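Structure at a glance
Take a look at the letters that make up each chain.
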Amino acid sequence: MTRVVVLADALLEQAEQLLEDYEIGDGMTGVVVLTDALLEQAEQLLERGINPIQIAEGHELAFKLAVDHLEQISQKFEFGVSNFDPLVQTCMTPLSSKIVTRCKRNLAEIAVRAVLAVADLGREDVHLDLIKVEGKVGGSWRIPS
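None of the values given here were measured: they were computed from a predicted structure. (Residues numbered from 1 in each chain as written. Predicted model: local features only at pLDDT ≥ 70, side-chain atom pairs only at ≥ 80, totals over all residues. Heavy atoms only, no water.)

Another point: the overall build of the protein chain. Secondary structure summary: the protein chain contains five helices and two strands in total. Counting from the amino terminus, the protein chain carries its helices and strands in the arrangement α-α-α-α-α-β-β. Of the roughly 11,300 Å² that the protein chain leaves accessible, carbon and sulfur atoms contribute 57%. (Helix = DSSP H or I, 4+ residues; strand = E, 2+ residues; numbered from the N terminus. Areas by Shrake-Rupley, 256 points an atom, 1.4 Å probe, with all protein chains shown as cover.)

The structure is reproduced here in structure tokens:
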């Protein structure tokens with residue numbers, strides 16, 4: 001095994017241990033914890049005299065291994081303009097741990113409709129620069145009784 005592979009494996013193990021110690025909701029905490037783990041590990045490796053290029057190559061290899069693993073365990077689902085509920089369900093996941101959790105379905109539907117409005121499903125491309133988000137003062141998500 002090359003030194004880069006050993007470093008990549010060590011980085012993945014360290015990150016996995018740290019991620020198990022934290023409750024993760026929408027992914028942001030996980031990203032921060034993982035980044036922190038990678039930087040701490042890289043700092044220790046630098047202090048031991050390991051070349052920064054080797055550390056970077058180790059990070060790159062670890063990234064590729066992680067992406068390969070995610071592709072193996074991912075679940076694909078069909079969706080379209082008339083069947084976008086799977087996208088809404090996916091979009092609701094990160095909204096579950098936010099202050100907007102009570103209106104997450106409405107917000108998810110708005111987001112999915114906005115993306116589908118500018119998506120080229122044939123090319124699997126989305127023109128995100130065509131979506132504009134505007135904040136409005138006042139109003140409510142509650143439907144009057």
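Our next topic: the nonpolar core. Among the nonpolar cores identified, the biggest contains eight residues, and these are Phe84, Leu87, Val88, Met92, Leu95, Ala108, Val112 and Leu116. At four residues, the largest contribution of residues to this core is made by helix H4 (residues 85-95). (Core = buried A, V, L, I, M, F, W, Y, C linked by side-chain atoms within 4.5 Å. Buried < 20%, exposed > 50% of the residue type's maximum accessible area, 1.4 Å probe, protein only.)

Let us look at the packing of H4 against helix H5 (residues 104-117). At a closest axis distance of 8 Å, the pairing of H4 and H5 adopts a crossing angle of 125°. Judged by the angle between their axes, H4 and H5 are oblique. In this structure, the crossing between H4 and H5 has a hand that is right-handed. Residues Asp85, Leu87, Val88, Gln89, Cys91, Met92 and Leu95 of H4 touch H5, and the partners they reach there are Lys104, Arg105, Leu107, Ala108, Glu109, Ala111, Val112 and Leu116. In terms of residue class, the contact of H4 with H5 is made up of ten nonpolar, one polar and four charged. (Axes fitted to C-alpha atoms, helices over the stretch in contact; angles between N-to-C directions. Parallel < 35°, antiparallel > 145°, perpendicular 65-115°, else oblique. Left-handed = near helix turned anticlockwise from the far one by under 90°. Contact = heavy atoms within 4.5 Å. Nonpolar A, V, L, I, M, F, W, Y, C, P; charged D, E, K, R; others polar.)

Moving on, we come to the pattern of salt bridges. Here the structure, examined in full by the defined rule, presents five salt bridges. For Asp85, the salt bridge goes to Arg105, with nearest N and O atoms at 2.6 Å. Of this pair, Asp85 sits in helix H4 while Arg105 is found in helix H5, placing the two residues 20 residues apart along the sequence. We classify Arg105 as partly exposed; its relative accessible area is 32%. The salt bridge involving Arg123 is made with Asp120; its shortest N-O contact spans 3.8 Å. (Salt bridge = Lys/Arg side-chain N within 4 Å of Asp/Glu carboxyl O.)

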